[in-house]
Amino acid sequence: MKLAEVRRWARGQGIGAARVRRTYEAALLHVTSRVVQAIYRESGLLLPMPARLLPFRRLEVTALPAGVRTVPSLLATLRRSLKGTEYGRRFPALRHDIENSVANVVLNRLLGPKARSLEPAYQGHQYWPFPALRVGPSLEQVLACSHLTRKPVVLPLVEVDDCRLISARFGSHTAFQRAWSGLKGEALIPVHPWQLELSPVVRELLKTGSVRLSSHKVEMIPLASQRTCRILATGYDVKLPVDATLTGEHRLLYRLNLENAPLVSALAEELLRESGLRTLAFQPDVASVFHRQFGSHLGAIVRPPLKPRAGERLVPAINLWTGPHEGRALLRRVPVEKFFTRYCRALMEGPVAFYTEWGMAFEPHLQNVYVGLRDSLPTRIMLRDLDNSIIDPRRVRGRLRALGNPAKDTWRHMPPYPDGGRRMVQAMLYGHLGEVIWRLSEDHGADTGRLMAIVDHTWNELRAFGVQQLRGWSNSVKTTLRTRLRRATALRFVER
Ligand SMILES: Nc1ncnc2c1ncn2[C@@H]1O[C@H](COP(=O)(O)OP(=O)(O)O)[C@@H](O)[C@H]1O
Ligand SMILES: [Mg+2]
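Residues numbered from 1 in each chain as written. Chains lettered and ligands numbered in written order. Predicted model: local features only at pLDDT ≥ 70, side-chain atom pairs only at ≥ 80, totals over all residues.

**A look at the overall build of the protein chain**
Argument step 1. Helix and strand counts for the protein chain come out as 19 helices and 23 strands.
Argument step 2. Its C-alpha atoms give the protein chain a radius of gyration of 22 Å, within 12% of the compact-globule value 23 Å for 496 residues.
Argument step 3. Projecting the C-alpha coordinates of the protein chain onto the three principal axes gives extents of approximately 65 × 55 × 45 Å.
Argument step 4. Taking as baseline every contact in the protein chain between residues at least 6 positions apart, the subset at least 24 positions apart corresponds to 73%. (Helix = DSSP H or I, 4+ residues; strand = E, 2+ residues; numbered from the N terminus. Rg over C-alpha atoms; globule rule 2.2 N^0.38 Å. Contact = placed C-beta atoms within 7 Å.)

Encoded structure:
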């Protein structure tokens, strides 16, 4: 998607030139901030721009450098500053993603404020180098289907002869299908609307007739990740493969995730019952369904609707601090520091205890967390996207086997457990609390030092779990920019 296309579309919509210009400048500042932050985080290089340094090695560029008003002028400035560095050597890749990111942030911000969708996180996030990056989908595809689409979207379904269902909860395709889609009859696999056009594999399967588009359809609304969709008739969520790069990663669904998702969720739920933890719950993956041979392009991981407790409200964390900023209304009713103390406790206790005591490392960044509120105060979190959990073979190999058969090569492909810990800490602090602290200081005038003292206090309260090592990774950095520019996939960290 190109900026010129977005501008043409905006003109066609009657959006005034002044608004487009303001949006463009804001997008440019935002993307600059994220790129400068990523370079600083992973290499220590701080480009000469006015910036505020924030906790957890975050930063905000506060104004664009003199003379930078457009993407080409930003690129020229970056090219000069990055000469001779590893980023300078990969400049074509950097330029490509910056151009794409700015176009998508402009589009998101023009669509966002009016979006009435479920998780309209439109500003572009604070923790990836290229906010809102979408490499693959066209402007038309995004307008027809994204987390900012105003009307429900039709989810295509395909009939597949050779499809596999993995589930402990559903004994038959019919029962499974009825539960998630509300439809009777034979096994159907949902396909993300973008995927029909983007995936050469799906296109070929349709062309040769080995899978067929069903006349049945269900309506859905895409959630913040865009590839997970809420089914309106049933409240179920389906996570789908998309042959595109969103934010920073290629979003197919890998065989190991499809095969293991229900088992990993069952493990998490079993351990949770044993742990007796009250601040944590899960939105489990209860089934996966996929094409036996081409599942990574054609399959789904399925989750049931969340169940709030009596008197509880469950809000996606992403809606509290981005998009509709629901946190603002809450904080009119309760004191900021009291709220944040409860928030830290609810967010940190479960993931920390699971890492140190139970052998599972989660990824509690903003988009994976729902917050349970009682009387406007956080009491627990509910985690989603468990399929990517990193688990400790030493502690859970036996238990996992007792629950079912993990996929072939599960342990060979599992990243080292300490990387799970680093990733968990980075998601929880940099990718979550960092954002909350930033909002609380910007919108509510909270003192950053006092909020950081609350984070420290929470670590101290959790010390019974042996948190020393985790705490020491507070400023460990996942090298998302370097990885993306090299088109690599492995999980890597640098210590800072
Ligand atoms: N703060 C945020 N604002 C907007 N979008 C976000 C934010 N955090 C995450 N996302 C979106 O959610 C997706 C990240 O999800 P991730 O948990 O890595 O994968 P998935 O949920 O698709 O398995 C990304 O594509 C990203 O664009
Ligand atoms: Mg997610």
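**Quick look at the site of ligand 1**
Argument step 1. In the vicinity of ligand 1, 16 residues are found, and the nearest of them are Ala121, His125, Ser225, Thr247 and Gln367.
Argument step 2. The class makeup of the residues in the shell around ligand 1 is 5 nonpolar, 8 polar and 3 charged. (Near = placed C-beta within 6 Å. Nonpolar A, V, L, I, M, F, W, Y, C, P; charged D, E, K, R; others polar.)

**Some points on the sheet that holds strand S20 (residues 377-383)**
Argument step 1. Here we have 4 strands laid out as an open sheet, ordered S14-S20-S19-S17, and mixed in their pairing. Edge positions in the open sheet fall to strand S14 (280-282) and strand S17 (313-316), since each of these has one partner strand only. The average undirected angle you get between the axes of adjacent strands in this sheet is 35°.
Argument step 2. With 6 bridges joining them, strand S19 (residues 369-374) and S20 adopt antiparallel strand pairing. Paired with Arg374 across the strands is Leu377, a residue of S20.
Argument step 3. Contacts from helix H13 (residues 336-358) reach S14, S19 and S20 within the one sheet, and its direction differs from that of S20 by about 25°. (Pairing = 2+ DSSP bridges. Axes fitted to C-alpha atoms, helices over the stretch in contact; angles between N-to-C directions.)

**Describing unusual backbone geometry**
Argument step 1. We note that His325 has phi near 50°; this positive angle belongs to a residue other than glycine.
Argument step 2. If you trace the backbone, His325 turns up in the loop between helix H11 (317-321) and helix H12 (327-330).
Argument step 3. For His325, a count of 14 C-beta atoms within 10 Å corresponds to the partly exposed category.
Argument step 4. Even without being glycine, Asp409 reaches a positive phi, approximately 70°.
Argument step 5. Take Asp409: it is sitting in the loop between helix H14 (393-403) and helix H15 (410-413). (Buried ≥ 20, exposed ≤ 12 C-beta atoms within 10 Å, placed from the backbone.)

**What to know about the domain arrangement of the protein chain**
Argument step 1. Along its sequence, the protein chain is organised into domain 1 (3-135), domain 2 (152-305) and domain 3 (309-494).
Argument step 2. Between domain 1 and domain 2, the C-alpha centre-to-centre distance is 32 Å.
Argument step 3. The partner domain 2 presents 9 residues to the 10 residues of domain 1 that form the contact.
Argument step 4. Class assignment of the residues belonging to the side of domain 1 that touches domain 2 gives a composition of 7 nonpolar, 1 polar and 2 charged. (Domains from an automatic or database assignment.)

**Here's the deal with helix H2 (residues 17-43)**
Argument step 1. Its 27 residues give H2 an end-to-end C-alpha distance of 38 Å, which sits within 8% of 39 Å, the value for a rise of 1.5 Å per residue.
Argument step 2. Backbone geometry just downstream of H2 places Gly44 in the positive-phi region, at approximately 85°. (Expected span 1.5 Å × (residues − 1).)

**Observations regarding the packing of helix H16 (residues 417-444) against helix H17 (residues 448-461)**
Argument step 1. It is at 10 Å that the axes of H16 and H17 come closest, and there the two elements cross at 145°. For the pair H16 and H17, the sense of crossing is right-handed. Here Leu433, Ile437, Leu440 and Ser441 of H16 come into contact with H17, specifically with Thr448, Leu451 and Val455.
Argument step 2. Grouping the constituent residues of the contact of H16 with H17 by class yields 5 nonpolar, 2 polar and no charged. (Left-handed = near helix turned anticlockwise from the far one by under 90°.)

**Topic: the packing of H13 against H17**
Argument step 1. Closest axis-to-axis distance for the H13/H17 pair is 10 Å, and the angle between their directions is 35°. The handedness of the crossing between H13 and H17 is right-handed. Contact residues: Glu337, Phe340, Thr341, Cys344, Arg345 and Met348 in H13; Arg450, Leu451, Ile454, Val455 and Thr458 in H17.
Argument step 2. The class makeup of the residues in the contact of H13 with H17 is 6 nonpolar, 2 polar and 3 charged.

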